[in-house]
Amino acid sequence: ITTVSVCGDIVGGRLDYPPVVAKSCSLFMSTMTDLLPLATVTMDTTFHSVRMTFVDTLTQCLRKYHSRFLKLALDVPDLASVQCLYIYLSSAVYIRNHLQFYDSKIPHDETGKSAFSLLIRQYNELIENFIQQIINYHNGLMSTKILHDASSHNWGDRRGFYEASDHRMAVSGYRRPEISGGRLPPRY
């Protein structure tokens, strides 16, 4: 995945922009930002079709990005590295932040409904899914590489803990707190 650095002026800040995103995401969002002034013109009927075209085009493209992100995330960690998932996450955050900015600039329609509220919600859910996938990946990595039963010498085994197995209780209690009841393991 080709990445680009985000402008240092917006990195961090109130919306917490990521420092690096996918190049295609950056190019698309910068193009949309360049076209934004056409969509923010007052609610005049002559520019209403321009505004609706901008909103519809942006919505269609970002839905395709959303579905593509979901397909690509299924490949991690089997076909793609976890670094790709970090790039997907930062790109999704970048898109969500731009959507919130666009939503604040584009006047709401006659019903008072936000133009991008559904899309913002979808990207929030996507971000949460990516975060959960990263956490699950790291938990699996810790349980198989760091907190592994060294006497079995089977480093690729991802099997869960069973009470009858010969894992040490301290490792087992750390991995599965519901087994230890939240208590520290007994001292030997």
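See the structure above.
Given the structure is predicted, the values throughout are model-derived calculations rather than measurements. Once a new chain begins, its residue numbering starts again from 1 and follows that chain's sequence as written. The predicted nature of this model means local features are confined to residues of pLDDT at least 70 and side-chain atom pairs, given and counted, to a pLDDT of 80 or more, with totals for whole chains, interfaces and linings taken over all residues. Side-chain calculation: all heavy atoms of the structure are included, whereas hydrogens and water are not.

*Asks:* Any chance you could break down the packing of helix H1 (residues 23–39) against helix H3 (residues 82–105) for me, citing the residues and the numbers?
*Replies:* Axis angle and axis distance: for two packed helices, these are the angle between their axes and the distance between the axes, and together they describe the pair. Axes here refer to lines fitted to C-alpha atoms; in helices the fit is confined to the stretch in contact. Angles between the N-to-C directions go from 0 to 180 degrees. A run of H or I in DSSP becomes a helix once it reaches four residues, and a run of E becomes a strand once it reaches two; helices and strands are each numbered from the N terminus. Where H1 contacts H3, the two axes come as close as 11 Å, and the packing angle between them is 5°. On the basis of their axis angle, the class for H1 and H3 is roughly parallel. Facing Cys25, Ser26, Met29, Met32, Thr33 and Leu36 of H1, the residues of H3 in contact are Ser91, Tyr94, Ile95, His98, Phe101, Tyr102 and Lys105. Three categories are distinguished: nonpolar for Ala, Val, Leu, Ile, Met, Phe, Trp, Tyr, Cys and Pro, charged for Asp, Glu, Lys and Arg, and polar for the others, with Gly belonging to the last. Partitioned by chemical class, the residues of the contact of H1 with H3 number eight nonpolar, four polar and one charged. Working rule for angles: under 35 degrees goes down as roughly parallel, over 145 as roughly antiparallel, 65 to 115 as roughly perpendicular, anything else as oblique. Contact definition: two residues touch when any of their heavy atoms are within 4.5 Å.

*Asks:* Could you give an account of the packing of aromatic side chains, with specific residues and numbers?
*Replies:* Centres within 6.5 Å are what make two rings of Phe, Tyr or Trp a pair, Trp counting through its six-membered ring; a difference in plane orientation under 30 degrees is then read as stacked, over 60 as edge-to-face, and the rest as tilted. Under the defined criterion, the tally for this structure stands at seven aromatic pairs. Taken together, a centroid distance of 6.1 Å and an interplanar angle of 70° make the contact between Phe54 and Tyr102 edge-to-face. Separated by 48 residues along the polypeptide, Phe54 in helix H2 (residues 45–73) and Tyr102 in helix H3 bring together distant segments of the chain. Buried, partly exposed and exposed residues are distinguished by accessible area as a fraction of the type maximum, computed with a 1.4 Å probe on protein chains only: under 20%, between the cut-offs, and over 50%, respectively. The buried category is assigned to Phe54, whose relative accessible area is 8%. Both rings, one in Phe101 and one in Tyr102, keep their centres 6.1 Å apart while their planes meet at 55°; by these two values the pair is tilted. Connected via pairs of aromatic rings, a cluster forms that spans Phe28, Tyr65, Phe69, Tyr88 and Phe130.

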